[in-house]
Amino acid sequence: LFVFLRSIAPTMVVSIAIPMSVVGTFIVLDAMGRSLNIISLAGISFAVGMLVDSAIVVLENIDRHKLMGKPFHIAAYEGTLEVWGALVISALTTIAVFAPIIFLADDAGQLFKDIAIAVTAAIAFSLFISVLAIPMLWRQTMRLGRAREKPSFIAQKLGSFGSIARDFFMRLLGLVLKNHLTRLGSVGALIAVSAAFVWITFPKLEYLPEGNRNLVQNMFVLPPGLSYEEIEAVGYSIFDKIKPYMDEEKDGYPQVSRAFFNAGGSWMFLGALSADQDRAGELIDLFRPIVNSFPGIRAITKQAGVFESGMGTSRSVNVDVTADTIEEIAIYAERLMNAIGEEISGSQVRPVPSIELIYPEVTITPKSDRLKAVGMDARSLGIAADVLLDGRKVSEYQGAGVKKIDLVLKTPESVITAPEDLGRSPIATPRGQIVPLGELGEVKLGQGVTEIRRFQGKRTITLQVSPPRDITIQEAMERIDEIAPQVLAGSNSAQTRLSGTADKLTQTVDALKWNFVLAVVITYLLMSALFGNFLYPFIILFTVPMATAGGFLGLKMTNWFLTPQPLDILTMLGFIILVGVVVNNAILIVHQSLNFIRNEGMEHIAAIKEAVRVRLRPIYMSTLTSVFGMLPLVLSPGPGSEMYRGLGSVITGGLMVSTIFTVFVIPSLLSYAIAWEKFRKNEY
């Protein structure tokens, strides 16, 4: 700021104004019962950047009026008055973009609500500070200090470079505005290039960034009948193999600072932590061959995700396999599991529950006619079976000063000691009869899996697919959708359904997609009301597709030169943010052009050129300060950087591309719409 504004006084003004906005935002967050976390801090940081942009516009325009020879107080008043309308429109459009996010439900609402509240509050405070506090602070600062400090050598050189760049852009703009052909050709070419780039480079979607959590999970699929002693032996064997790596770094792997092992029934889990928190992911290659070296045991090894809500649930696609019989489900689940492993190289597939049909299972099939004769139905038969087996909760009891106690009705364990006893157990019917359960339902002994899971009333086995890091969740979903019909082609009843992270991704993308559309519509209607015209906002919104192309370019550059960065839902938020940000530069040009025509009676083409020339410096100043403010999000290698790298890449790329294109596209389109201003003036 000091270099751009060529004086320390404006820089001091902005430095004083920033805490005012931040404190106001803290008050709003506290009033709404929201905690201060990394999400809301990111929103405050973004809003501070918006305050700096608004302050730059105000200070630069005051400085321009001061250079005209006006007194301090006149320059401060008239300079602010000239741009305050544009600042109000910019602030309200940004607030309008973020306000709907507050009301998002599900995961998207939980993730983005804090940042939306923080940005909305900070922008509102920034508007008042920019219009009221900034001119006053500038006036007092300039009174106390020197009217104008001598620019430094660097500032002079940058100022000269800025003048050369401005003259270059103005010459290009003169060529673009030369005639109808050059205007329409330039607009069409830039819009076509933007649309083509978005179409070609649109990446596959990811759900959430995994982060770099210091925990490696090993989840085992145990063979049926494995005894406690055998499970314990497996655990001790694993610890013997990893013991050399717990003492020091070895074979290029980081030191294992801690490992723990849990097992119970048919499940087994091994967790490990790295002494170097940033290198925890490298332990996956260490553990994977070790935990899969035991005959008959399959294991999945993965790094725990930051947003993980269950063991091994982050970044996985659940494939629910259903059919008429459990035997058919097990057959096709195993075939699909093998097909996925072959098609998606490097993926890990875990069946939940296991697919071995060797566990004893009792099935009770209701006899409809018998049940109807005694005044019962299938549900009441199921309740009776619950009472005979593990019991059924029938009520609650809560005494004074004690917790609630569940009242459970159940049969003594001595009554049913074998599956055959269940069919002989007597049941009291609503009509006062006592009949054996076997008379009302067919009791059949068979084989099944360790757990009964149902989807829409049908038995199901879930395949939990964890794709490798170089394959996004969307790519995995598409490949599974291609494989499943081929595998299930021989069955009339077997079906698959994608759930888990895949389901959340679909729901969140739909929510954000419509939120993006809503943001554009609200921005258009709000600008229409503020401008009193439906055409100017439509022209301003032409910056959105160019910003979108720039966002994808920024994402592509990050993938090329830094690190792979998928399009996850945090990154998608960047495109919604761009809607409220990139229109600000176009608003400055349109607003200033209207000022020149309505207040100074300039011809429309001359007014547009002069507006671009006057606003070019604050546009590029605010863009460069925003870009430099966002670059740490993109370039920082520290812990947590992967959370916001995509967001920073999108906003940085979108701002840079849209700013370059805006000074050519908006004046070209505006030259047709603003010509009507002279007819409006004649009518008045």
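Every chain is numbered on its own, with residues counted from 1 as its sequence reads. With the structure being a predicted model, the display of local features is reserved for residues of pLDDT at least 70 and the display and counting of side-chain atom pairs for 80 or more, all residues being used for whole-chain, interface and lining totals. As a convention, hydrogens and water are excluded, and side-chain values are obtained from all of the structure's heavy atoms.

Attention now goes to the overall build of the protein. Here a helix means four or more residues in a row that DSSP labels H or I, a strand means two or more in a row labelled E, and each is numbered from the N terminus. A count of helical and extended segments in the protein gives 22 helices and 15 strands. Here the contacts in the protein between residues at least 6 apart in sequence split such that 76% fall between residues at least 24 apart. Counting only carbon and sulfur atoms, one obtains 60% of the accessible surface of the protein, whose full area is about 32700 Å². Contacts are residue-level and defined by heavy atoms, with any inter-residue pair within 4.5 Å sufficient. To measure how exposed things are, a 1.4 Å probe is used in the Shrake-Rupley method; for residues, cover is taken only from the protein chains shown.

A pair is scored as a salt bridge if a Lys or Arg side-chain nitrogen falls within 4 Å of a carboxyl oxygen belonging to Asp or Glu. Enumeration over the complete set of coordinates arrives at 14 salt bridges. Residue E439 pairs with R370 through a salt bridge whose shortest N-O separation is 2.9 Å. Taken together, the residues span a long stretch of sequence, with E439 in helix α14 (residues 437-440) and R370 in helix α11 (residues 368-373) at a distance of 69 residues. Under the relative-accessibility criterion, R370 is labelled partly exposed at 42%. Where R424 meets D421, a salt bridge forms, and the shortest distance between an N and an O atom there is 2.5 Å. Here R424 and its partner D421 are both found in helix α13 (residues 419-424), three residues apart, which amounts to about one turn of the helix. Per-residue accessibility, obtained with a 1.4 Å probe over protein chains only, is compared with the maximum for each type, and a residue is labelled buried under 20%, exposed over 50%, and partly exposed between these values. Judged by its relative accessible area of 56%, R424 is exposed.

Next up on the list: the packing of aromatic side chains. Aromatic rings from Phe, Tyr and Trp, with only the six-membered ring used for Trp, were paired whenever their centres fell within 6.5 Å, and each pair was classed as stacked if the ring planes differed by under 30 degrees, edge-to-face if by over 60, and tilted otherwise. For the structure shown, the criterion picks out nine aromatic pairs. Measuring from ring centre to ring centre gives 5.3 Å for F538 and F542, while their planes differ by 90°; the resulting arrangement is edge-to-face. A network of ring pairs unites the aromatic residues F168, F169, Y620 and F664 as a single cluster. Sitting over a ring, as applied to charges here, requires NZ of Lys or CZ of Arg to be within 6 Å of the ring centre and within 35 degrees of the ring normal. Taking the ring centre of F294 as reference, the NZ or CZ of K241 above it sits at 4.9 Å. Geometry around Y245 places K250 over its ring, the cationic atom sitting 5.8 Å from the centre.

Here the expected length of a helix is defined as 1.5 Å per residue gap, with one fewer gap than residues. With 20 residues, helix α8 (residues 228-247) should reach 28 Å at 1.5 Å per residue; the first-to-last C-alpha distance of 29 Å fits that figure. Maximum bend of α8: about 40°, positioned at K241, with proline P244 one to four residues after it. Within the sequence span of α8, burial applies to I231, V234, G235, I238, I242 and Y245. Along its buried surface, α8 packs onto β1 (216-221), β2 (256-264), β3 (267-274) and α9 (283-291). We define the bend at any residue as the angle between the axes fitted to the seven residues before and including it, ending there, and the seven starting there.

Here we take up the environment of P537. Take P537: it is sitting in helix α17 (residues 535-540). Overall, the relative accessible area of 0% leaves P537 in the buried class. Each C-alpha atom of the pair P537 and I587 lies 8.5 Å from the other, and the pair is 50 residues apart in sequence.

Here the focus is a nonpolar patch on the surface. Nonpolar side chains collect at one region of the surface, where L553, M557, W560, F561, L562 and L635 lie side by side and expose about 640 Å² of accessible area between them. In this fold, L553 is placed in helix α18 (residues 543-561). A patch consists of residues whose relative accessible area exceeds 30% and which take part in no salt bridge; residues with like charges are grouped when within 9 Å of each other, and nonpolar side chains (Val, Leu, Ile, Met, Phe, Trp, Tyr) when within 5 Å.

The topology assignment puts N262 in strand β2. Each C-alpha atom, one on N262 and one on E232, is 9.5 Å from the other, the two residues being 30 residues apart in sequence. With near-sequence residues (within four places) excluded, N262 lies in contact with W267, M268 and F269.

Pairing between the strands of a sheet is mediated by backbone hydrogen bonds and can be parallel or antiparallel. By this definition, two strands are paired if DSSP reports at least two bridges between them. Sheet architecture is open: four strands sit in the order β2-β3-β1-β4, paired in antiparallel fashion. Both edges of this open sheet fall to β2 and β4 (298-303), since each of them pairs with a single strand only. This sheet shows a mean twist of 15° between the axes of neighbouring strands, independent of strand direction. Alignment of β2 against β3, held across eight bridges, turns out to be antiparallel. Paired with A263 across the two strands is M268, which belongs to β3. Helix axes are fitted only over the stretch in contact, all axes being lines through C-alpha atoms; the angle between N-to-C directions runs from 0 to 180 degrees. Across the sheet, α9 is in contact with β1, β2, β3 and β4; its angle to β4 comes to roughly 170°.

This part covers the packing of α18 against helix α19 (residues 569-600). Packing of α18 against α19 leaves a shortest axis separation of 9 Å and a crossing angle of 135°. Put simply, α18 runs oblique to α19. Regarding α18 and α19, the two cross each other, and that crossing is right-handed. Counted together, T543, V544, A547, T548, G551, F552 and L555 of α18 and T571, F575, L578, V579, V582, V583 and A586 of α19 form the full contact between these two elements. When its residues are assigned to classes, the contact of α18 with α19 shows ten nonpolar, four polar and no charged. If an angle is under 35 degrees, it is roughly parallel; if it is over 145, roughly antiparallel; if it lies from 65 to 115, roughly perpendicular; otherwise it is oblique. Each helix crossing is assigned a hand: it is left-handed if the near helix lies turned anticlockwise from the far helix by less than a right angle, otherwise right-handed if that turn is clockwise. Each residue is assigned to one class: nonpolar for Ala, Val, Leu, Ile, Met, Phe, Trp, Tyr, Cys and Pro, charged for Asp, Glu, Lys and Arg, and polar for all the others, Gly among them.

Let us now look at the packing of helix α4 (residues 72-98) against helix α16 (residues 501-531). Viewed as axis vectors pointing N to C, α4 and α16 meet at an angle of 155°, and their least axial separation amounts to 8 Å. Taken together, the axes of α4 and α16 lie roughly antiparallel to each other. Crossing angle aside, the handedness with which α4 passes α16 is right-handed. Contact residues: α4 offers I89, L92, T93, A96 and V97, while α16 offers N515, A519, I522, T523, L526, M527, L530 and F531. Residues that form the contact of α4 with α16 fall into these classes: ten nonpolar, three polar and no charged.

Quick look at the confidence of the model for the protein now. Mean pLDDT over the protein stands at 80; residues scoring 70 or higher make up 86%. Confidence of the predictor at the level of single residues is captured by pLDDT, which takes values from 0 to 100. When mean pLDDT is compared element by element in the protein, strand β11 (residues 434-436) scores highest at 90, while helix α1 (residues 2-5) scores lowest at 51.

Moving on, we come to unusual backbone geometry. Look at D251: it is not a glycine, yet its phi comes out positive at around 55°. Secondary-structure assignment places D251 in the loop between α8 and β2. The exposed category is assigned to D251, whose relative accessible area is 55%.

What follows covers a negative patch on the surface. Here the positive residues are Lys and Arg and the negative ones are Asp and Glu; neither His nor the chain ends is included. Taken as the charge location is NZ of Lys, CZ of Arg, CG of Asp or CD of Glu. Together, E342, E343, D481 and E482 make up a region of like negative charge exposed at the surface. Counting through the fold element by element, D481 comes out in helix α15 (residues 473-487).

Turning our eyes to something else, we now look at the environment of E642. Within the element layout of this structure, E642 appears in helix α21 (residues 641-673). What makes E642 buried here is its relative accessible area of 19%.

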